[in-house]
Amino acid sequence: MARHGLHRFTRHPGPRRKAVVLGVAGVTVVAGIVATTMPLLAADELSIRATADTTATMVSQDGDNGAKTTLATCAVRCDGNPRGGREAVVQFAVTTLPATAVNVRATLRVHAWQKFPATVTAHASVVDARAARPTPALPGAVLDTVSGVAAGFNEWDVSALVKGNGTWTVSLAQTGLESRIYWAATENRNPDLRPRLEISYDVDARPTPVVTSAAPSPSRTVAPSPAPRPTPSASPTRTSPSPTASPSSPPDRCGEVSSRLVPSCGAWWGMYSPAGAGDGWDHGAAVAEVEAQVGRKFDVVHRYHDFSNAGSNGAFPDAYQQQQMREGRLMFFAWESRIFSSGTVLTWQDVYSGRYDATIDAVAGRIRDTGVPVFMGFDHEPEDEPAKGSDADFVRAWRHVHDRFAAAGANNAVWVWTMMGWSGHYDRYTALYPGDRYVDWVGYDPYNFHVCNGSKVWKSPATTIGGFYRWLDEHRVGVGKPRMLAEFGTNFDTANPDAKRRWFEEFPAALKAHPKIKAAIYFNSPGMTRRSNTCDMTMNHDASSVAGFARAGRDSYLRQPTGGAR
């Protein structure tokens, strides 16, 4: 689980871890307008880095406005100087909003290290953010005001300025405190602290009217339609998927599963549910209890394992997983290059150098001996593991592990490449991809954190899962590979007690609108968030949420006749 660059684990001695139907077209024999209506589709929440920033001041040769790791704000009278005022100026280039984006909402986030009794107002600005020592300009339109600076990220609603693609400059002006406040700049060595512009938007999916000159043959346009109800099959036929074909399959083949575990219709429904000391680390009961709450078995059980090659952490599959496989569930082993009990973090060079080949071979042998296909991952969310090495190191380690499994005859391992899918790392994902020969599924971990990570945005299921889905399409990474939500989750909304239940109820429709997603696994743990009166990412934190999740699991799209829902 990740929160905008923050990796999220729950560590015990074990690991943590619409459909939109187009209206019927009316046609005329000679000429007419095909008037089709479609509701707004939810879209992504972009996270955009500042392209430039500076401190504007009348103080000559002031140290605050060079290329430094901090910006500064101060009142007009500052530190005893009646002309010592300073404004932080930040510039962003927005280039990736689609032409159909509507209801654009933009939030400026800037980090302060301390709490201050000051008022800071965001203005539209004409100051050159690339200049070393610009003079403050007359303030532009007031955008938003923060009364009382908090330690951490402070947020200003700048939607009145940011209307679409373009270059946008904001200045922060301080009043009420005649001492400087320092803010993290774009040069700050910690990229997580740098200024960002968070943008969310909807997509206006209404098509342009089309003039027709003749009556066309009858046809239907559906984008995309819900999958038909699966037809139960006692003995699923296993077929090999084409490496370039869409993972979706024709409706008349519902009930089949490929050798790479791709269901021919709908999607697998899965769960990560952690065990604890209170239940004796009973990983079987941890899943069974949630299944009892929601009234069905899960198709996929997700567990996190380490490189210790010992106990339930490293000597997997353990007895619980073997029993779950006998009962018809699919296993997803998320294998991390670390040792949970000691906190030791391995580097990817440790992995590909051969230092841990004995461990890799032992695990590969046990996976081979299960005799059934299993999902296998290596170091999910590697973009959030800077201590392990470079992106190229990750790719080399992944290929090394994959090749040793192949050499051991563990061809039943179905490899899931899992990223966070956060827009702040879009520039890295191509370099992190090991290649089509080494990947069977493409996974990512979308979350509607809401206030759990300081955001004010409530993201619908379609918004939550849509951003990286589109990025994969646009950048042609993993073409033809089925996709998996290897983790997903949502917070609740204190202002709307039914919001979480409705989020779950809307989730199947969001999956149907993203048909390349063939598995979705809920991460039923707080992760690095903490339960509070405004934050709880577990799906069963109240009865309403359980009811919504249970209803989602009853949707025919998620009830595979070949999986746990049989």
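Conventions adopted
Residues numbered from 1 in each chain as written. Predicted model: local features only at pLDDT ≥ 70, side-chain atom pairs only at ≥ 80, totals over all residues. Heavy atoms only, no water. Phe/Tyr/Trp six-rings, centres within 6.5 Å; stacked < 30°, edge-to-face > 60°. Helix = DSSP H or I, 4+ residues; strand = E, 2+ residues; numbered from the N terminus. Buried < 20%, exposed > 50% of the residue type's maximum accessible area, 1.4 Å probe, protein only. Lys NZ or Arg CZ within 6 Å of the ring centre and 35° of its normal. Arc of directions from axis to C-beta. Contact = heavy atoms within 4.5 Å. Polar contact = N/O pair within 3.5 Å; in protein donor to acceptor, adjacent residues only side chain to side chain. Pairing = 2+ DSSP bridges. pLDDT = per-residue confidence, 0-100. Axes fitted to C-alpha atoms, helices over the stretch in contact; angles between N-to-C directions. Disulfide = S-S within 2.5 Å. Expected span 1.5 Å × (residues − 1). Salt bridge = Lys/Arg side-chain N within 4 Å of Asp/Glu carboxyl O.

Undergrad: Tell me what's going on with the packing of aromatic side chains, and back it up with residues and numbers.
TA: Remark: the centre distance and the inter-plane angle together describe each pair of aromatic rings, the angle taken between the planes. Using the criterion set out here, one finds 39 aromatic pairs in the structure. Ring geometry for Phe307 and Tyr356: centres 6.0 Å apart, planes at 80°, overall edge-to-face. Of this pair, Phe307 sits in the loop between strand 19 (300–305) and helix 2 (311–314) while Tyr356 is found in the loop between helix 4 (348–352) and helix 5 (357–370), placing the two residues 49 residues apart along the sequence. Comparing Phe307 with Tyr356, the two get one shared label, buried. Aromatic pair Tyr444 and Phe468: ring centres 5.2 Å apart, planes at 70°, arrangement edge-to-face. Of the two residues, Tyr444 sits in strand 25 (residues 441–444) while Phe468 sits in helix 8 (residues 461–475), which places them 24 residues apart along the sequence. Exposure class is identical for Tyr444 and Phe468. Each is buried. Sitting over the ring of Phe153, Arg109 keeps its end group 4.5 Å from the ring centre. For Arg483, the ring lying beneath its charged end belongs to Tyr469, and the centroid distance is 4.7 Å.

Undergrad: For helix 3 (residues 319–326), give the residues involved together with the corresponding values.
TA: Among the residues of helix 3, Gln321, Gln324 and Met325 are the ones counted as buried. Seen along its axis, helix 3 keeps its buried residues to an arc of 100°; they face one direction. Residues Ala319 and Arg326 are exposed on helix 3 and point more than 90 degrees away from its buried face. Buried positions along helix 3 lie against helix 1 (283–294), strand 19, strand 20 (330–335), helix 5 and strand 23 (374–378). Capping of helix 3 at its N-terminal end is provided by Asp318; its side-chain oxygen lies 3.1 Å from the backbone amide nitrogen of Tyr320. The first or second residue beyond helix 3 is Gly328, which carries a positive phi of 100°.

Undergrad: Mind laying out the pairing of strand 9 (residues 101–112), listing which residues take part and the relevant values?
TA: Strand 9 sits mainly inside the fold: nine of its twelve residues count as buried. When strand 9 meets strand 12 (residues 152–157), the two strands line up antiparallel, connected through six bridges. Residue pairing in the sheet places Val110 in a bridge with Asn154 of strand 12.

Undergrad: Which residues make up the confidence of the model for the protein, and what values do they have?
TA: Low-pLDDT stretches of the model should not have their predicted coordinates read in fine detail. Taken residue by residue, the protein gives an average pLDDT of 83. The fraction at 70 or more is 81%. Ignoring residues within four places in sequence, the model shows residues 2–43, a span with pLDDT below 50, making 155 contacts including any to other chains.

Undergrad: Explain the sheet that holds strand 10 (residues 116–124) to me, and be specific about the residues and the numbers.
TA: Spatial ordering of the open sheet is given by 6-8-13-10-11, a layout of five strands whose pairing is antiparallel. At either end of the open sheet lies a strand with only one pairing partner, and these are strand 6 (52–57) and strand 11 (142–149). Averaged over neighbouring strand pairs, the angle between their axes works out to 20° when direction is ignored. As judged from the six bridges shared by strand 6 and strand 8 (residues 86–94), these two strands associate in the antiparallel manner. Bridging across to strand 8, Ala56 finds its partner in Glu87.

Undergrad: Can you tell me about the state of the cysteines, naming the residues and giving the values?
TA: Going through the model one piece at a time under the given rule, you end up with two disulfides. Each disulfide pairs two cysteine sulfurs, and for Cys452 the partner residue is Cys535, the sulfurs being separated by 2.0 Å. The S-S bond linking Cys452 to Cys535 shows a torsion near 110°; that makes this disulfide right-handed. Taken together, the positions of Cys452 in the loop between strand 26 (447–448) and helix 8 and Cys535 in the loop between strand 28 (517–523) and helix 10 (543–553) put the pair 83 residues apart, joining distant regions of the chain. No difference in accessibility class separates Cys452 from Cys535, as the two residues are buried.

Undergrad: Help me get a handle on helix 5, residues and values and all.
TA: In a regular helix each residue adds 1.5 Å, so 14 residues correspond to 20 Å; helix 5 covers 20 Å between its end C-alpha atoms and thus fits that length. Every buried residue of helix 5 is accounted for by Asp357, Thr359, Ile360, Val363, Ala364, Gly365 and Ile367. In this structure, the buried residues of helix 5 make contact with helix 2, strand 20, helix 4, strand 23, helix 6 (391–407) and strand 24 (413–419). Downstream of helix 5 by one or two residues, Gly371 has phi in the positive range, about 75°.

Undergrad: Give me the lowdown on the pattern of salt bridges, citing residues and values where you can.
TA: If you walk through the whole model with that rule in mind, you get 25 salt bridges. A salt bridge links Asp299 to Arg296; the shortest N-O distance between them is 3.4 Å. Each member of the pair, Asp299 together with Arg296, is buried. We note a salt bridge from Asp473 to Arg483, for which the minimum N-O separation is 2.7 Å. With a gap of ten residues between them, Asp473 in helix 8 and Arg483 in strand 27 (residues 483–490) connect regions that are remote in the sequence. For Asp473, a relative accessible area of 31% corresponds to the partly exposed category. By relative accessible area, which is 4% here, Arg483 ends up buried. One continuous salt-bridge network, built from bridges that share partners, spans Glu336, Arg338, Asp379, Glu385 and Lys388.

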